[in-house]
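If you want the building blocks of each chain, they are given just below.
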Amino acid sequence: MAGTAQPIGAENGVRRYQLFINGKFTDSRSGKTFESISPHDRSVVAVVAEGDKTDIDAAVSAARGAYEGVWSTTPPGERAKLLLKIADLLEANSAELGRLETLDMGMPMVMSSAMGAVSADVFRYWAGMATKIHGLTGEPMRPGDYLGYTLREPLGVVGGITPWNGPLIMAAWKTAPALACGNTVVLKPAEHTPMTSLELARLTAEAGLPEGVLNVVPGFGPTAGAALASHPGVDKIAFTGEYVTGRLIVQMSASNLKTVTLELGGKSPHIIFDDVDLEAAVATALFGLYMNSGQICSAGTRILVQEGLYDRFVERFVERSQQVKVGDPMDFATRMGPLVSEEQLGKVQRYVEIGKKEGARLRCGGGQPKDPTLARGFYHEPTVFTEVDNKMQIAQEEIFGPVASVLRFHDEDDAVRIGNDVIYGLAAGVQTKDLKRAHRLAKRLQAGTVWINTWHMIEPNSPFGGYKLSGYGRENGVAMVEHLTRLKQVWVDLNDFTMDLFA
Ligand code: ADP
């Protein structure tokens, strides 16, 4: 039975959200709430119930009850139908979901308005997968008539912890595959951006998802997040966020040896050879860096340019960076909105100062836009540093903002050496017209995704995840089924006699 989703209304423009536990919207046990503010002008956009350990306990027990009571025995075809209904609802509500994402996070409408449909695709892909998850049969290696087969079974209760940079799509990545594989879910969205995850909860109830199959508990990392990660009743944590938090999650997961998959940060090299078309290379580099104001873990933040092209590239890249339309994210013409929070703005500003001190050359940006209508928001100009050495902090550390570090390389070996010389390995990209070279680099770069002459291609059917400190496990694609199920081996004796060794 579907739970009742309390209508979520706006009071004086401020929305009110409750926790979603066992199919019902409910206040937190403590009665505490927190505010979500607009990164555009700091106005309060929502007052949200703040979950902590007791609420996580309630959500986990609801998820366990739903797993044992209904979801683990719901036939895959029925699970698929529900996921398809959720997908339809996401698509039908796409405009409103996009608007809420922009209000909460500052993602420009040009991007956020697609998120409902993009998330619907994730649900549709996993609806298809639900009916294709199965074990294998195997023959014994020694003589004797035995039948061996594997059952691929759900894990149980999956905890999802998401970051603020793509709230709805991250919620879709954490929930759709887990549900398709027969698990129930407790989702803890990022504290800066809880709205669209709670809207997703509302839509799942509308679609008829049984009570307790998906629970959403907004709250803070060290309280609600930590309670989920260390909970003995949770079988797996799927986490996206910073690698320092990822390490903590792994430590907390040790309590009951739950499995963990981690999608962490990046400092992805975008390697541009001198045989490219300059305009296309610059356009791809801008796209790789400035989407979502640089707040994407796989952004192409280290731009490595071959020495013969370096000066021409820098000139055009700086020129185009200065033309990026920064502004109110509600305006469809805006290409770069604000950063998510004051804290994130401060972090970007600190790195700009570090870059200057380290001796990199600041070629454009470096401050807040002059436009007075943006003065209250967390805006930062597109910023380009050139003459960056790969040892500098601005080349090694994840800034998570619109800041490019442009480096020079000599040849293919040099590009690979510099490209791989970071603690991260989430993504990498190569721009060249030389096909053989492109594929050679795809093999040599230590990254979970390599883009050739493109950037940001991520599809529900393509595995996404990291090498090195960018994490382990993969999200999306068939590979993810391994991370959301476990195998059971079954042996059946088909012989007409019984081996009686102790006779
Ligand atoms: P970001 O800098 O992108 O916010 P975080 O890793 O801090 O990256 O946050 C990602 C998610 O992890 C958020 O939902 C946050 O609340 C959660 N989180 C942060 N700290 C912890 C923690 N100690 N335990 C569990 N979850 C945490």
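Residues numbered from 1 in each chain as written. Predicted model: local features only at pLDDT ≥ 70, side-chain atom pairs only at ≥ 80, totals over all residues. Heavy atoms only, no water.

Right, let's get into the side chain of Arg-302. Note on placement: Arg-302 falls in strand β15 (residues 302-306). For the buried Arg-302, which has no salt bridge, the nearest side chain bearing the opposite charge is Asp-421, at an N-O separation of 6.7 Å. A distance of 2.7 Å separates a polar side-chain atom of Arg-302 from the backbone oxygen of Gly-419. In contact with Arg-302, other than residues within four places in its own chain, are Lys-267, Ser-268, Pro-269, His-270, Asn-390, Ala-395, Ser-405, Leu-407, Ile-418, Gly-419, Asp-421 and Val-422. (Helix = DSSP H or I, 4+ residues; strand = E, 2+ residues; numbered from the N terminus. Buried < 20%, exposed > 50% of the residue type's maximum accessible area, 1.4 Å probe, protein only. Lys, Arg positive; Asp, Glu negative; His and termini not counted. Salt bridge = Lys/Arg side-chain N within 4 Å of Asp/Glu carboxyl O. Polar contact = N/O pair within 3.5 Å; in protein donor to acceptor, adjacent residues only side chain to side chain. Contact = heavy atoms within 4.5 Å.)

Another aspect to go through is the confidence of the model for the protein. When pLDDT is averaged along the protein, the result is 96, and 98% of the positions lie at 70 or above. Confidence over residues 1-8 falls short of pLDDT 50; this stretch has 25 contacts with residues more than four positions distant or in other chains. (pLDDT = per-residue confidence, 0-100.)

For the rest of this paragraph, the subject is the domain arrangement of the protein. Taken domain by domain, the protein consists of domain 1 (9-264 + 470-488) and domain 2 (269-452). For domain 1 versus domain 2, the distance between C-alpha centres works out to 31 Å. Counting residues at the interface gives 26 residues for domain 1, matched by 32 residues for domain 2. Overall, the association of domain 1 and domain 2 removes approximately 2,500 Å² of surface from exposure, summing both partners, and the carbon and sulfur fraction of that is 62%. By the criterion of area lost to domain 2, the three top residues of domain 1 are His-40, Arg-42 and Ser-470, representing 25% of everything that side buries. Taken together, domain 1 and domain 2 are joined by 1 salt bridge. Connecting domain 1 to domain 2 are 11 residue pairs in polar contact (both at pLDDT 80 or more). Where the side of domain 1 that touches domain 2 is concerned, the elements lending two or more residues are α3 (94-105) and α4 (109-112). No other element matches the 4 residues that α3 contributes to the side of domain 1 that touches domain 2. For the side of domain 1 that touches domain 2, the per-class residue count stands at 12 nonpolar, 9 polar and 5 charged. (Domains from an automatic or database assignment. Buried area = accessible area lost by both parts, 1.4 Å probe. Nonpolar A, V, L, I, M, F, W, Y, C, P; charged D, E, K, R; others polar.)

Right, let's get into the site of the ligand. With respect to spatial proximity, 17 residues lie near the ligand, and among them Thr-162, Lys-188, Glu-191, Glu-242 and Thr-245 are the closest. In the environment of the ligand, an oxygen atom lies 2.5 Å from a nitrogen or oxygen atom belonging to the side chain of Glu-191. Here an oxygen atom of the ligand sits 2.7 Å away from a polar atom, N or O, in the side chain of Thr-245. Out of a free accessible area of 550 Å², the ligand has 84% covered by protein chains. When residues of the shell around the ligand are traced back to their parent elements, those giving at least two are α8 (221-229), β12 (236-240) and α9 (243-253). Looking at the shell around the ligand element by element, the count peaks at 4 residues for α9. Looking at the shell around the ligand, its residues break down into 8 nonpolar, 6 polar and 3 charged. (Near = heavy atom within 4 Å. Areas by Shrake-Rupley, 256 points an atom, 1.4 Å probe, with all protein chains shown as cover.)

This next bit is on the pattern of salt bridges. Per the counting criterion, the structure on display carries 27 salt bridges. The shortest N-O distance in the salt bridge between Glu-199 and Arg-15 comes to 3.4 Å. Placement of the pair is Glu-199 in helix α7 (residues 195-207) and Arg-15 in strand β2 (residues 14-17), with a sequence separation of 184 residues. Each member of the pair, Glu-199 as well as Arg-15, carries the same accessibility label: buried. Among the ionic pairs, Glu-96 bridges to Arg-99, the shortest N-O distance being 3.1 Å. Here the residue Glu-96 and the residue Arg-99 both occupy positions in helix α3, the gap between them amounting to 3 residues, near one helical turn.

The element helix α14 (residues 412-420) is largely enclosed, with a buried count of 7 among its 9 residues. Looking only at α14, the buried set comprises Glu-412, Asp-414, Ala-415, Val-416, Ile-418, Gly-419 and Asn-420. Elements that come into contact with the buried residues of α14 comprise β14 (269-272), β15, β18 (403-409), α15 (435-444) and β22 (467-468).

Let us now look at the packing of aromatic side chains. Inspection of every chain in the model, using the stated rule, returns 10 aromatic pairs. Look at Phe-273 and Phe-409: their rings are 5.1 Å apart centre to centre, the planes differ by 80 degrees, and that puts the pair in the edge-to-face class. Highlighted residues: Phe-273 in the loop between β14 and α10 (278-290) and Phe-409 in strand β18, separated in sequence by 136 residues. Each member of the pair, Phe-273 together with Phe-409, is buried. Pairwise contacts between aromatic rings join Tyr-290, Phe-313 and Phe-317 into one cluster. The ring of Tyr-310 carries the charged tip of Arg-408 above its face, separated from the ring centre by 3.9 Å. The ring centre of Phe-273 lies 3.9 Å from the NZ or CZ of Arg-437, which sits over that ring. (Phe/Tyr/Trp six-rings, centres within 6.5 Å; stacked < 30°, edge-to-face > 60°. Lys NZ or Arg CZ within 6 Å of the ring centre and 35° of its normal.)

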